[in-house]
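This is what each chain is made of:
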Amino acid sequence: MLIGGCLAQQKQERHFPSDFIFGAATSAYQVEGGWNADGKGESIWDRLAHTKIQDVLDQSTGDIAADTYNNYKRDVEMMRELGLDAYRFSLAWSRILPDGTINNINEAGVTFYNNLIDEMLKYNIKPLVTLYHWDLPQKLQDLGGFMNPLFPEWYEDYARLAFERFGDRVKLWITFNEPREICYEGYGGYTKAPQVNRTDIGTYHCGKNLILAHAKAYRTYVTHFKPTQNGECGITISVNWFGPLTDSKEDEYAAELRRQAEWGIYAEPIFSEEGGWPKEISEIVAKKSIEQGYKTSRLPEFTNEEKKFVQGTYDFFGVNHYSSYLVSANEHKVDHPVPSILADVDVGVYRPPAWMPSASTWLVMAPNSVYNALTHLMRKYNNPPFYITENGWSEHPEAPLIDNVRIIYYRAALNSALDAIEAGVNLKGYMAWSLLDNYEWTEGYTIRFGLYQVDFESEQRTRTARKSAFIYKQIVKTRVIDPDYEPDNMTMWIDEGH
Ligand SMILES: CCCCCCCCCCCCC/C=C/[C@@H](O)[C@@H](N)CO[C@@H]1O[C@H](CO)[C@@H](O)[C@H](O)[C@H]1O
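Criteria and cut-off values
- Residues numbered from 1 in each chain as written.
- Predicted model: local features only at pLDDT ≥ 70, side-chain atom pairs only at ≥ 80, totals over all residues.
- Heavy atoms only, no water.
- UniProt positions renumbered as here; feature names shortened; annotations may be inferred.
- Axes fitted to C-alpha atoms, helices over the stretch in contact; angles between N-to-C directions.
- Helix = DSSP H or I, 4+ residues; strand = E, 2+ residues; numbered from the N terminus.
- Parallel < 35°, antiparallel > 145°, perpendicular 65-115°, else oblique.
- Left-handed = near helix turned anticlockwise from the far one by under 90°.
- Contact = heavy atoms within 4.5 Å.
- Nonpolar A, V, L, I, M, F, W, Y, C, P; charged D, E, K, R; others polar.
- Salt bridge = Lys/Arg side-chain N within 4 Å of Asp/Glu carboxyl O.
- Buried < 20%, exposed > 50% of the residue type's maximum accessible area, 1.4 Å probe, protein only.
- Pairing = 2+ DSSP bridges.

- The name recorded for the chain in an unreviewed UniProt entry is Cytosolic beta-glucosidase, from Euphydryas editha.
- Turning to the chain, the UniProt annotation filed under Sequence similarities (unreviewed entry) states: "Belongs to the glycosyl hydrolase 1 family. Klotho subfamily."

As structure tokens, then:
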């Protein structure tokens, strides 16, 4: 079309599908507070924050956090302000089962989640419930936690209770949030509770028990609840993109090994046609284990029966995606504990300085990041239904409410998601991390991810919409990413019908 002698750039409006689910996400320990309220039991994060306060950057705890335990109606109002289709939150296992076992149900804890779910459904906001987001009951950790072979039974009992109590209204279930962080950081390392730091076997033994627990819960849901409740059950895996630094065969292979270490060991047994551990890392760990004097591989094998039991245990693949890294076979290597999973794969990781850094050391703004991760998973696992269950940008507490960099990040990530959809990825929804500022684990309140700012100094934990909340609201409403949209002011409102 020619206007005034030049070709007018028609805005090519790309739309998200009309049934695409937009939401936001949080987790229990990071937002609820009420750490010992109304019969709740101690979790491993209560224990860490209370006894290893020196390991938390600002010596803070999640004892109160954003006090969602008392402010959940304000949180639902914020979901309405954003016009969300869904909200992803997690259940605190020890709020429902204080000692972790099914013998002692805390009805007050069940009531809290019933109230939250009912408040959301009052306004047609779908609950997307994560059964486990890192806060294991301490009493179960005292028995070994994820290292105990009985863990899958403990977890199945807990999941079954959740299906019984909430499954009439909850139709989207996530068994675990980020097996990597649970196992590699919590049992194979020190950066997450319970800080077991068994670098040689922690990641692998935790990983096998977690995967078996996931499969038991999934099969219990499909057999005993899905026929009447008609919901879906999946798992959320942290899938950041790890691509080759150069197009050499060595770097391609190195990138594949790092992907296997970061998320392939959790995804392959569930989503691949072959089942079991990824072949390459399994062979490497078996070989190195024998060389290091272990009688068997540090990566405990699945029996053929276990492999079959785990395979195909999903209705969707939940993807937490934030950033990308470039992998080298020979350069940018750092020392890792020996033995450990990263020493096993023995590759280097690099991020170009041009990729804008966030407040989180691990999070930079990488090009085509969502597209690269999702199209790789599509090809590898035959395009299962995907939900992006987390994606977001961090800033420091003093950053202004006019968070223009976060807006650049969200628009880039959502455009990359549209690119993936156009490439054929079966992407069903997107959850922004996070609805509001929350406890960023061992970084406490020094890191902020919220679309809403939280004043952690105020008694009522005042929530205030950042500019990114208005931008996200507009995308949710129009299903279009308008690069020129600017809110008229910073006063939030609820659209009719929400
Ligand atoms: C100069 C050094 C260059 C190399 C960089 C070092 C190598 C990095 C290796 C990759 C590590 C990636 C780990 C990142 C994991 C995150 O995606 C994951 N932990 C995010 O967790 C979820 O996100 C929220 C924000 O952190 C969190 O609050 C939530 O609870 C988690 O579900």
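Structure shown, so let's carry the discussion forward.
Examining the packing of helix α9 (residues 202–224) against helix α11 (residues 249–271)
Right, on to step 1. Where α9 meets α11, the axes come as close as 10 Å, and the angle between the chain directions of the two elements is 30°. Our classification of the angle between α9 and α11 gives roughly parallel. Remark: the crossing between α9 and α11 carries right-handed chirality. The segment α9 lies against α11, with Thr-203, Gly-207, Ile-211 and His-214 engaging Ile-265, Tyr-266, Pro-269 and Ile-270.
Right, on to step 2. For the contact of α9 with α11, the class distribution of residues is five nonpolar, three polar and no charged.

Observations regarding the pattern of salt bridges
Two side chains that carry opposite charge are able to pair once their charged atoms sit near each other.
Right, on to step 1. Evaluated as defined, the whole model comprises 39 salt bridges.
Right, on to step 2. The shortest N-O distance in the salt bridge between Glu-422 and Arg-14 comes to 3.2 Å. On the criterion of sequence distance, the pair formed by Glu-422 in helix α16 (residues 404–422) and Arg-14 in the loop between β2 (6–7) and β3 (21–25) is long-range, its members being 408 residues apart.
Right, on to step 3. Judged by its relative accessible area of 56%, Glu-422 falls in the exposed class.
Right, on to step 4. In this structure, Arg-165 engages Glu-107 in a salt bridge whose closest nitrogen and oxygen atoms are separated by 2.8 Å. Residue Arg-165 is found in helix α7 (residues 151–166), and its partner Glu-107 is found in helix α5 (residues 107–122); the two are separated by 58 residues along the sequence.
Right, on to step 5. According to the relative accessible area criterion, Arg-165 is partly exposed, its value standing at 28%.

Looking at the sheet that holds β3
Right, on to step 1. Read once around its circumference, the closed barrel built from eight strands follows the order β3-β4-β5-β6-β7-β9-β14-β15, with strand pairing classed as parallel. The mean angle between the axes of side-by-side strands here comes to 25°, regardless of whether they run parallel or antiparallel.
Right, on to step 2. Pairing analysis gives three bridges linking β3 to strand β4 (residues 86–90), with the strands arranged parallel. Across the sheet, Ala-24 pairs through a bridge with Tyr-87, a residue of β4.

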